[in-house]
Amino acid sequence: MNPFIESAQSAFQLVASGDPKLLHIVGLSLSVSALACLIATTVGLLAGAAIAVWRFPGRAGVLVLLNTLLALPSVVVGLVVYLLLSRAGPLGSLGILFTPSAMVIAQAILVTPIVAALARQTIEDAMRDHGEQLRSLGAGRLGCALIIAWDERLALLTLALVAFGRAISEVGAVMIVGGNIDGVTRVMTTAIALETSKGDLPLALALGLVLLGVVLLVNVLIALLREWRQAGDRAVGVVP
């Protein structure tokens, strides 16, 4: 039998049987990425809303920097976080290098610019359409931002799902700051890289299947939210 087919069959068996090692890796991946996504979404939404509604000196430079951070290499983030958290670094006293906490920090740093940039664009576009009307009713800039954020909550929830999808598929930064320690910091992406190099293709394929399933689920949720929002717009006559 073809080695690929044998590996695929073994991978499906691992997934179907709920292999404990597989479940532990998947659970750690989901928890780390979910916490990083929560932090990044909170910080990114606040930053994006502030940039969208306030005009301040240097705003153009901030936008350029924010757009530049969208392409931030994950290994560079991992290196910077490693240097900060190492014993010789300024945050070395925390003792969290090679722990899930360090991985959460690295993923949050990677994802926050994405949330901030997309949130700024979403809120700024909505402000362009409804800002004058809200201000004529007496709403200040902060009030406008809050009202629009609530009105665009489905779009902003979509941003959170995008952030989660980016975080859970990350490998470079978490490999550096987590160390890929078995049972401690080994997540799906780092485990796939390691098991492939070791020749344990069934486990690597099983993890790959689960990772693809998670990413597929995230994209299905994004599509459903988009449909739900468009249905709501049609119901109130916004979309023909």
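Cut-off values and rules
- Residues numbered from 1 in each chain as written.
- Predicted model: local features only at pLDDT ≥ 70, side-chain atom pairs only at ≥ 80, totals over all residues.
- Heavy atoms only, no water.
- Helix = DSSP H or I, 4+ residues; strand = E, 2+ residues; numbered from the N terminus.
- Contact = heavy atoms within 4.5 Å.
- Areas by Shrake-Rupley, 256 points an atom, 1.4 Å probe, with all protein chains shown as cover.
- Patch = residues over 30% accessible without salt bridge, like charges linked within 9 Å, V, L, I, M, F, W, Y side chains within 5 Å.
- Salt bridge = Lys/Arg side-chain N within 4 Å of Asp/Glu carboxyl O.
- Core = buried A, V, L, I, M, F, W, Y, C linked by side-chain atoms within 4.5 Å.
- Buried < 20%, exposed > 50% of the residue type's maximum accessible area, 1.4 Å probe, protein only.
- Expected span 1.5 Å × (residues − 1).
- Arc of directions from axis to C-beta.
- Polar contact = N/O pair within 3.5 Å; in protein donor to acceptor, adjacent residues only side chain to side chain.

**So, the overall build of the protein chain**
Part 1 of the reasoning: For the protein chain, the helix and strand inventory stands at 10 helices and zero strands.
Part 2 of the reasoning: Helices and strands appear in the protein chain in the N-to-C order α-α-α-α-α-α-α-α-α-α.
Part 3 of the reasoning: Its C-alpha atoms give the protein chain principal-axis dimensions of roughly 70 × 50 × 25 Å.
Part 4 of the reasoning: Considering only contacts within the protein chain whose residues lie at least 6 apart along the sequence, 71% involve residues at least 24 apart.
Part 5 of the reasoning: With the model as given, the accessible surface of the protein chain reaches about 12700 Å², and the carbon-plus-sulfur share is 69%.

**Examining a nonpolar patch on the surface**
Part 1 of the reasoning: Judged by side-chain polarity, V75, V76, V80, L84, L91 and L94 come together as a nonpolar surface patch covering roughly 470 Å² of accessible area.
Part 2 of the reasoning: Within the secondary structure layout, V75 lies in helix α4 (residues 74-85).

**Thoughts on the pattern of salt bridges**
Part 1 of the reasoning: According to the stated counting rule, one finds five salt bridges in the structure shown.
Part 2 of the reasoning: Across the salt bridge formed by K21 and E195, the nearest N and O atoms sit 3.9 Å from each other. Taken together, the positions of K21 in helix α2 (residues 20-53) and E195 in helix α9 (residues 188-198) put the pair 174 residues apart, joining distant regions of the chain.
Part 3 of the reasoning: R120 is the salt-bridge partner of E124, the closest N and O atoms lying 3.0 Å from each other.

**Observations regarding the nonpolar core**
Part 1 of the reasoning: Core analysis: the largest hydrophobic core is formed by 26 residues, its most contacted members being L22, V26, V111, F164, I168, M188 and L207.
Part 2 of the reasoning: For this core, the secondary structure elements donating two or more residues are α2, α5 (100-136), α7 (153-168), α9 and α10 (201-235).
Part 3 of the reasoning: Looking at which element gives the most residues to this core, the answer is α10, with nine residues.
Part 4 of the reasoning: The contact partners of V26, leaving out residues within four places of it in the chain, are M188, L207 and V210.

**Remarks on helix α1 (residues 3-17)**
Part 1 of the reasoning: For α1, spanning 15 residues, the distance from its first C-alpha to its last is 21 Å, which sits close to the expected 21 Å at 1.5 Å a residue.
Part 2 of the reasoning: The set of residues buried in α1 consists of S7, A8 and A11. Viewed end-on, α1 has its buried residues packed into an arc of 100°, placing them on one side of the element. Residues of α1 that are exposed and point more than 90 degrees away from the buried face comprise F12, Q13, A16 and S17.
Part 3 of the reasoning: Just downstream of α1 lies G18, where phi reads positive at about 65°.

**A closer look at the side chain of E124**
Part 1 of the reasoning: When you line up the elements, E124 lands in helix α5.
Part 2 of the reasoning: Of the polar contacts made by the side chain of E124, one reaches the side chain of R59; its length is 2.4 Å.
Part 3 of the reasoning: If we ignore the near neighbours within four places in the chain, the residues touching E124 are I51, A52, R55 and R59.

**Details of unusual backbone geometry**
Part 1 of the reasoning: The backbone phi angle of F98 is positive, close to 65°, even though this residue is not glycine.
Part 2 of the reasoning: The phi dihedral of N180 falls on the positive side, at around 55°, and the residue is not glycine.
Part 3 of the reasoning: Looking at the element boundaries, N180 is found in the loop between α8 (172-178) and α9.

**Some details on the environment of A88**
Part 1 of the reasoning: Assignment of secondary structure puts A88 in the loop between α4 and α5.
Part 2 of the reasoning: Among the residues examined, A88 registers a relative accessible area of 81% and is labelled exposed.
Part 3 of the reasoning: A88 sits 91 residues away from G179 along the chain, and the two C-alpha atoms are 17 Å apart.

**Describing the environment of V15**
Part 1 of the reasoning: Relative to the assigned elements, V15 resides in helix α1.
Part 2 of the reasoning: Discounting chain neighbours no more than four positions away, the residues touching V15 are L22, A206 and V210.

**Some thoughts on α2**
Part 1 of the reasoning: Its 34 residues give α2 an end-to-end C-alpha distance of 49 Å, which sits within 8% of 50 Å, the value for a rise of 1.5 Å per residue.
Part 2 of the reasoning: One side-chain oxygen of the residue at the start of α2 lies 3.3 Å from the amide nitrogen of K21, identifying that residue as D19.

**Considering the environment of A49**
Part 1 of the reasoning: Within the element layout of this structure, A49 appears in helix α2.
Part 2 of the reasoning: A sequence separation of 152 residues divides A49 from L201, and the C-alpha atoms of the two residues are 45 Å apart.

None of the figures reported here should be taken as evidence of function without further support.
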